[in-house]
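Fold and contact review
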Amino acid sequence: MQRAHIPVILLLMSCAMPTMAEEKFTPPECTQLGTVHVAKPPTGLDEHARNSLDTLMPKLKKVGRDKLIWIEGNDSTGTLSENRLTDSFNLARNVQIYLASRHNVNHDIYLSAAPDDPYSPGIAGTVRIFVCPKQFNEDTIELSRNLTDSTRD
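Residues numbered from 1 in each chain as written. Predicted model: local features only at pLDDT ≥ 70, side-chain atom pairs only at ≥ 80, totals over all residues. Heavy atoms only, no water.

**Remarks on the pairing of strand 2 (residues 67-75)**
For strand 2, a buried count of eight out of nine residues is recorded, marking the element as mostly surrounded by other parts of the structure. In this sheet, strand 4 (residues 125-133) lies alongside strand 2 in antiparallel orientation, the contact comprising nine bridges. Bridge pairing in strand 4 places Ile69 opposite Val131. (Buried < 20%, exposed > 50% of the residue type's maximum accessible area, 1.4 Å probe, protein only. Helix = DSSP H or I, 4+ residues; strand = E, 2+ residues; numbered from the N terminus. Pairing = 2+ DSSP bridges.)

And the structure:
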(Lines give C-alpha, C1' and ligand atoms only; values in the text may rest on other atoms or scores of the structure.)
Protein backbone atom coordinates (compact mmCIF):
# COMPACT_ATOMS: atom_id res chain seq x y z
CA MET A 1 0.00 0.00 0.00
CA GLN A 2 1.35 3.40 -0.94
CA ARG A 3 0.98 6.36 1.34
CA ALA A 4 0.35 9.86 0.12
CA HIS A 5 2.63 12.44 1.65
CA ILE A 6 1.62 16.05 2.11
CA PRO A 7 4.63 18.36 2.29
CA VAL A 8 4.77 20.26 5.55
CA ILE A 9 7.64 22.49 6.48
CA LEU A 10 8.47 22.53 10.15
CA LEU A 11 10.93 25.17 11.26
CA LEU A 12 12.20 26.00 14.70
CA MET A 13 12.34 29.72 15.18
CA SER A 14 13.21 31.92 18.06
CA CYS A 15 11.04 35.01 18.22
CA ALA A 16 10.66 37.64 20.87
CA MET A 17 7.07 37.53 22.05
CA PRO A 18 5.33 40.78 22.89
CA THR A 19 4.23 41.79 26.33
CA MET A 20 0.49 41.98 27.05
CA ALA A 21 0.53 45.73 26.48
CA GLU A 22 1.87 45.27 22.94
CA GLU A 23 -0.09 44.29 19.86
CA LYS A 24 -0.50 40.62 19.05
CA PHE A 25 2.68 39.15 17.65
CA THR A 26 2.71 38.97 13.86
CA PRO A 27 5.62 37.14 12.22
CA PRO A 28 8.02 39.54 10.48
CA GLU A 29 7.05 40.45 6.90
CA CYS A 30 3.84 38.41 7.15
CA THR A 31 0.22 39.41 6.67
CA GLN A 32 -2.54 37.93 8.80
CA LEU A 33 -5.37 36.57 6.64
CA GLY A 34 -7.72 35.71 9.46
CA THR A 35 -8.50 34.12 12.80
CA VAL A 36 -10.63 31.05 13.37
CA HIS A 37 -12.12 30.07 16.73
CA VAL A 38 -12.63 26.40 17.55
CA ALA A 39 -15.18 25.45 20.22
CA LYS A 40 -13.73 22.06 21.25
CA PRO A 41 -10.18 21.79 19.88
CA PRO A 42 -9.23 18.31 21.13
CA THR A 43 -12.13 16.74 19.23
CA GLY A 44 -11.28 18.37 15.89
CA LEU A 45 -12.77 21.28 14.00
CA ASP A 46 -16.38 22.14 14.72
CA GLU A 47 -18.81 23.31 12.03
CA HIS A 48 -18.32 26.99 12.86
CA ALA A 49 -14.53 26.63 12.47
CA ARG A 50 -14.90 24.80 9.16
CA ASN A 51 -17.29 27.51 7.90
CA SER A 52 -14.81 30.21 8.96
CA LEU A 53 -12.03 28.42 7.05
CA ASP A 54 -14.31 28.12 4.02
CA THR A 55 -14.89 31.88 4.21
CA LEU A 56 -11.11 32.49 4.11
CA MET A 57 -10.71 30.51 0.88
CA PRO A 58 -11.08 33.48 -1.52
CA LYS A 59 -8.09 35.10 0.23
CA LEU A 60 -6.11 31.84 0.29
CA LYS A 61 -6.75 31.24 -3.42
CA LYS A 62 -5.02 34.54 -4.17
CA VAL A 63 -1.85 33.42 -2.40
CA GLY A 64 0.86 32.65 -4.95
CA ARG A 65 3.08 29.57 -4.86
CA ASP A 66 5.97 31.88 -3.99
CA LYS A 67 4.42 32.45 -0.54
CA LEU A 68 4.36 30.38 2.63
CA ILE A 69 1.17 29.84 4.63
CA TRP A 70 1.77 30.01 8.39
CA ILE A 71 -0.87 28.33 10.56
CA GLU A 72 -0.59 29.08 14.29
CA GLY A 73 -2.69 26.97 16.64
CA ASN A 74 -3.54 27.97 20.19
CA ASP A 75 -5.37 25.63 22.55
CA SER A 76 -5.41 26.83 26.13
CA THR A 77 -7.71 24.10 27.50
CA GLY A 78 -5.04 21.70 28.83
CA THR A 79 -3.86 21.72 32.42
CA LEU A 80 -0.17 21.09 31.69
CA SER A 81 1.87 23.35 29.42
CA GLU A 82 3.16 20.29 27.52
CA ASN A 83 -0.43 19.25 26.78
CA ARG A 84 -1.36 22.77 25.67
CA LEU A 85 1.67 22.83 23.37
CA THR A 86 0.80 19.45 21.83
CA ASP A 87 -2.89 20.33 21.53
CA SER A 88 -2.03 23.70 19.96
CA PHE A 89 0.17 22.05 17.35
CA ASN A 90 -2.51 19.43 16.64
CA LEU A 91 -5.06 22.21 16.21
CA ALA A 92 -2.86 23.87 13.58
CA ARG A 93 -2.32 20.48 11.94
CA ASN A 94 -6.10 19.84 11.86
CA VAL A 95 -6.56 23.13 10.01
CA GLN A 96 -3.81 22.23 7.54
CA ILE A 97 -5.39 18.81 6.91
CA TYR A 98 -8.83 20.38 6.43
CA LEU A 99 -7.52 22.97 3.96
CA ALA A 100 -5.63 20.31 2.01
CA SER A 101 -8.45 17.77 1.90
CA ARG A 102 -11.45 20.08 1.46
CA HIS A 103 -9.93 22.89 -0.63
CA ASN A 104 -6.79 21.31 -2.12
CA VAL A 105 -4.52 23.91 -0.51
CA ASN A 106 -1.08 22.46 -1.14
CA HIS A 107 1.22 25.41 -0.54
CA ASP A 108 4.28 25.14 1.63
CA ILE A 109 2.96 25.25 5.19
CA TYR A 110 4.59 26.37 8.42
CA LEU A 111 2.82 25.05 11.51
CA SER A 112 3.36 26.62 14.90
CA ALA A 113 1.94 26.31 18.39
CA ALA A 114 1.17 29.17 20.78
CA PRO A 115 -0.22 27.41 23.87
CA ASP A 116 -0.40 30.37 26.25
CA ASP A 117 -2.30 33.17 24.56
CA PRO A 118 -2.99 36.04 26.97
CA TYR A 119 -5.02 37.74 24.22
CA SER A 120 -7.82 35.17 23.97
CA PRO A 121 -8.93 34.40 27.53
CA GLY A 122 -11.86 32.02 27.76
CA ILE A 123 -11.56 30.90 24.15
CA ALA A 124 -10.85 27.17 23.88
CA GLY A 125 -8.99 27.26 20.59
CA THR A 126 -7.77 29.93 18.22
CA VAL A 127 -6.01 29.54 14.89
CA ARG A 128 -4.38 32.45 13.14
CA ILE A 129 -3.43 32.17 9.48
CA PHE A 130 -0.67 34.26 7.93
CA VAL A 131 0.88 34.61 4.48
CA CYS A 132 4.65 35.07 4.51
CA PRO A 133 7.41 35.37 1.95
CA LYS A 134 9.46 32.22 1.45
CA GLN A 135 12.86 32.77 2.92
CA PHE A 136 14.45 29.51 1.86
CA ASN A 137 15.37 27.67 -1.31
CA GLU A 138 14.68 24.07 -2.16
CA ASP A 139 17.61 21.86 -2.99
CA THR A 140 17.84 18.22 -3.99
CA ILE A 141 20.55 16.04 -2.50
CA GLU A 142 21.57 12.54 -3.52
CA LEU A 143 21.71 9.96 -0.73
CA SER A 144 23.67 6.73 -0.85
CA ARG A 145 20.77 4.73 0.62
CA ASN A 146 17.12 5.05 1.52
CA LEU A 147 16.82 6.78 4.89
CA THR A 148 13.79 4.70 5.75
CA ASP A 149 15.82 1.49 5.33
CA SER A 150 16.37 -0.01 8.78
CA THR A 151 19.41 -2.07 7.78
CA ARG A 152 22.86 -0.85 8.74
CA ASP A 153 25.79 -0.36 6.35
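Having put the structure on the table, let's press on.
**Considerations on the state of the cysteines**
By definition, a disulfide links two cysteine residues through a covalent bond between their sulfur atoms. If you walk through the whole model with that rule in mind, you get one disulfide. Covalent S-S linkage joins Cys30 and Cys132, the inter-sulfur distance amounting to 2.0 Å. Disulfide Cys30-Cys132: torsion about the S-S bond near 115°, hence right-handed. Of this pair, Cys30 sits in the segment before strand 1 (31-38) while Cys132 is found in strand 4, placing the two residues 102 residues apart along the sequence. Accessibility expressed as a relative area gives 3% for Cys132, which makes it buried. (Disulfide = S-S within 2.5 Å.)

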